[in-house]
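So you can see what is in the structure, the chains are spelled out below.
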Amino acid sequence: MPTIARRQFLLASVLPAFSGPIATLATEPSDQAPPGRAVHLHSDGLSLSPLEYARLLVRLAEHPGIEADEYSRHGVVAQLEARMAALLGKEMAVYLPTGTLANHLAVRLLTRNGRRVLVQQESHLYNDEGDCAQQLSGLTLVPLAAEKATFSLAEVEDEVRRAEGGRVAAGVGAISVESPVRRVMGEVFDFGEIQKIAAFARLRQIGLHLDGARLFLASAYTGIAPATYSAPFDTVYVSLYKYFNAAAGAILAGPRQLIENLYHQRRMFGGGLAQVWPEAAVALYYLDGFGDRFARAVAAAEALFRALSEHPRCRLERRPMGTNVARLHVSGEGAGALPERLAARGIMILPGRLDPARGAVFSLFTNETLLRRPVAEIIDQFMQVLA
């Protein structure tokens, strides 16, 4: 049954991250129910219920490989930091409670030669972080590439020239790149352009930060390993909750000279939490083997999308350099009821944007819950609801 296979790979995925007695977790029988057959196409991760999350924590905490941290240092948190630093090809990594704090601290550290930071207009740093970099660190964010994921080296050069050539000269101290970009349907920033911008930034001593919250899932689409994609950047942030399924948390990785004592600023900004071992343990649990599992989920999603594209009521919209986000356009009477009809069959999607003349548009997110059932069964459920 798919649920048995699901339990086996979830349990086995912890082994490379831990050694010693905890390794027996994968072979011990469990009387806990495995995750259900529900397929959630509304987020990047598994959407674990509180009960599923609590049961997982109990199983992890029973083994001595899990050691508690002290104010977000040592124990399993240190294991996660070391593991992430290695996977990202960076010297060191630090746990932070949120991606907002990770992005803020990164640009705060990197702006040594100027207070301006070039960002995408559609980025999380520019739109969703409450102007924290401006309010708390006195930085000026300069938005580029409206409604796009990628800005060009030429745009960067123009802004640097503009800043330096003003009546009062101002320096660009950092460039922040989000990739994939959530507000542009998960489109990735062009890697060739990143390499050009990075070469220019090094010459001008401009810091380079990657908001790589979804970097690991992007690899299944780009074929570029996380360490390779993040190599041109001084610092990189990765989310722990979006698809590594922790309740919260982020990793910021970079050179030792920037990261080593960052826990002082972490505490200064209220982020030195007393204990975060549950988040670190769960993230480690799902980290190993993620690439292989997500690649299988992408293959399942591609099969589903092909079937939907061939249906007369459906049109699928995707970005040329997109990742795990697609838009499903459904025409005909009753299109808006698609989420409710699918939910009755154990498939969850977000409510759509309704257009009385054309039907409805729904966002579909590829994630590991697609592995809970054979893809042929998922396709069949969609076809029956659309009939």
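Residues numbered from 1 in each chain as written. Predicted model: local features only at pLDDT ≥ 70, side-chain atom pairs only at ≥ 80, totals over all residues. Heavy atoms only, no water.

Details of the nonpolar core
So the rule is basically this: Residues belong to one nonpolar core when they are buried, are Ala, Val, Leu, Ile, Met, Phe, Trp, Tyr or Cys, and are joined through side-chain atoms within 4.5 Å. For every residue, the accessible area obtained with a 1.4 Å probe (protein chains only) is divided by the maximum for its type, and the residue is called buried under 20%, exposed over 50%, and partly exposed between those limits. Helix and strand assignments follow DSSP, with helices taken as H or I runs no shorter than four residues and strands as E runs no shorter than two, numbered in order from the N terminus. The contact definition used throughout considers only heavy atoms, calling two residues in contact when any of these lie within 4.5 Å.
Of all hydrophobic cores here, the largest spans 64 residues; its most connected members are Met84, Phe151, Ile175, Phe216, Tyr229 and Phe244. Per element, the largest residue contribution to this core is eight residues, and it comes from helix H13 (residues 277–287). When neighbours within four sequence positions are excluded, tyrosine 229 is seen to be in contact with Ser179, Val188, Phe189, Phe191, Ile194, Leu210, Leu215 and Ile224. Listed in part, the 28 residues of the second largest apolar core include Leu41, Leu316, Leu328 and Phe382.

Observations concerning the side chain of serine 239
Defined as follows: For the purposes of these results, a polar contact is taken to be a pair of N or O atoms within 3.5 Å, where, inside protein, one atom must be able to donate a hydrogen and its partner to accept one; residues adjacent in sequence count only when each atom of the pair is a side-chain atom.
Positionally, serine 239 belongs in strand S7 (residues 235–239). A distance of 3.2 Å separates a polar atom in the side chain of serine 239 from the backbone nitrogen of tyrosine 241.

Structural notes on the pairing of strand S8 (residues 250–254)
Worth spelling out the cut-off: At least two bridges found by DSSP between two strands is the condition for calling them paired.
Taken across its five residues, S8 has five buried, putting it largely inside the fold. Alternating positions in S8 separate into two faces, Ala250, Leu252 and Gly254 on one and Ile251 and Ala253 on the other, with burial throughout. Bridging between strand S2 (residues 92–96) and S8 involves five bridges; their strand directions are antiparallel. Its bridge partner being in S8, tyrosine 95 is matched across the sheet by isoleucine 251. Strand direction decides the pairing type here: S7 and S8, joined by four bridges, are antiparallel. What sits directly across from tyrosine 237, in S8, is leucine 252.

Concerning the packing of helix H14 (residues 290–309) against helix H16 (residues 375–386)
Put simply, the rule is: Note on definitions: angles span 0 to 180 degrees between N-to-C directions of axes, and those axes are lines fitted to C-alpha atoms, for helices only across the stretch in contact. Relative orientations are named as follows: roughly parallel for angles under 35 degrees, roughly antiparallel for angles over 145 degrees, roughly perpendicular for angles from 65 to 115 degrees, and oblique for any other angle. Note on convention: near helix rotated counterclockwise from far helix by under a right angle means a left-handed crossing. Clockwise means right-handed.
For the pair H14 and H16, interaxial distance at closest approach is 10 Å and the crossing angle is 30°. Judged by the angle between their axes, H14 and H16 are roughly parallel. In this structure, H14 meets H16 at a crossing whose hand is right-handed. Each of Ala300, Ala303, Leu304, Ala307 and Leu308 in H14 lies in contact with H16, whose residues at this interface are Val375, Ile378, Ile379, Phe382, Met383 and Leu386.

Some details on the sheet that holds strand S6 (residues 207–211)
The seven strands are arranged S2-S8-S7-S6-S5-S3-S4 in an open sheet whose pairing can be described as mixed. Here the strands that pair on one side only, and so sit at the sheet edges, are S2 and strand S4 (140–144). Geometrically, the sheet is characterised by an average inter-axis angle of 20° between neighbouring strands, direction not taken into account. Packing of helix H3 (residues 75–88) onto the sheet brings it into contact with S2, S7 and S8, and relative to S2 it is tilted by some 130°.

Quick notes on the confidence of the model for the protein
Keep this limit in mind: Residue-level confidence of the predictor is summarised by pLDDT, bounded by 0 at the bottom and 100 at the top.
Model confidence for the protein is summarised by a mean pLDDT of 91, while 91% of its residues fall at 70 or above. In the predicted structure, residues 1–34 sits below a pLDDT of 50 and forms 60 contacts with residues beyond four places in sequence or in another chain.

A look at the environment of glycine 334
Its location among the elements puts glycine 334 in the loop between strand S10 (325–330) and helix H15 (338–343). Along the sequence, glycine 334 and leucine 215 sit 119 residues apart, while their C-alpha atoms lie 37 Å from each other.

Remarks on the pattern of salt bridges
Put simply, the rule is: Criterion for a salt bridge: a side-chain nitrogen of Lys or Arg within 4 Å of a carboxyl oxygen of Asp or Glu.
Tallied over the entire structure, the rule returns 14 salt bridges. Close ionic contact of arginine 161 with aspartate 158 constitutes a salt bridge, the shortest N to O distance being 2.8 Å. Here the residue arginine 161 and the residue aspartate 158 both occupy positions in helix H7 (residues 153–164), the gap between them amounting to three residues, near one helical turn. A relative accessible area of 40% places aspartate 158 in the partly exposed class.

A short note on unusual backbone geometry
Each neighbour pair has its own omega, and for serine 179 with proline 180 the value is -5°, a cis peptide bond. Following the sequence through the fold, proline 180 ends up in the loop between strand S5 (172–178) and helix H8 (191–204). In this model, tyrosine 71 sits at a positive phi of 50°, which is unusual for a non-glycine residue. Looking at where tyrosine 71 falls in the secondary structure, it is placed in the loop between helix H2 (50–61) and H3.

Things to note about H3
Put simply, the test is: Expected span of a helix, by definition, is 1.5 Å for each gap between consecutive residues, and there is one gap fewer than residues.
Between the first and last C-alpha of H3 there are 20 Å, a value that for 14 residues agrees with the 20 Å anticipated at 1.5 Å per step. Positive backbone phi, approximately 70°, marks glycine 89, located one or two places after H3.

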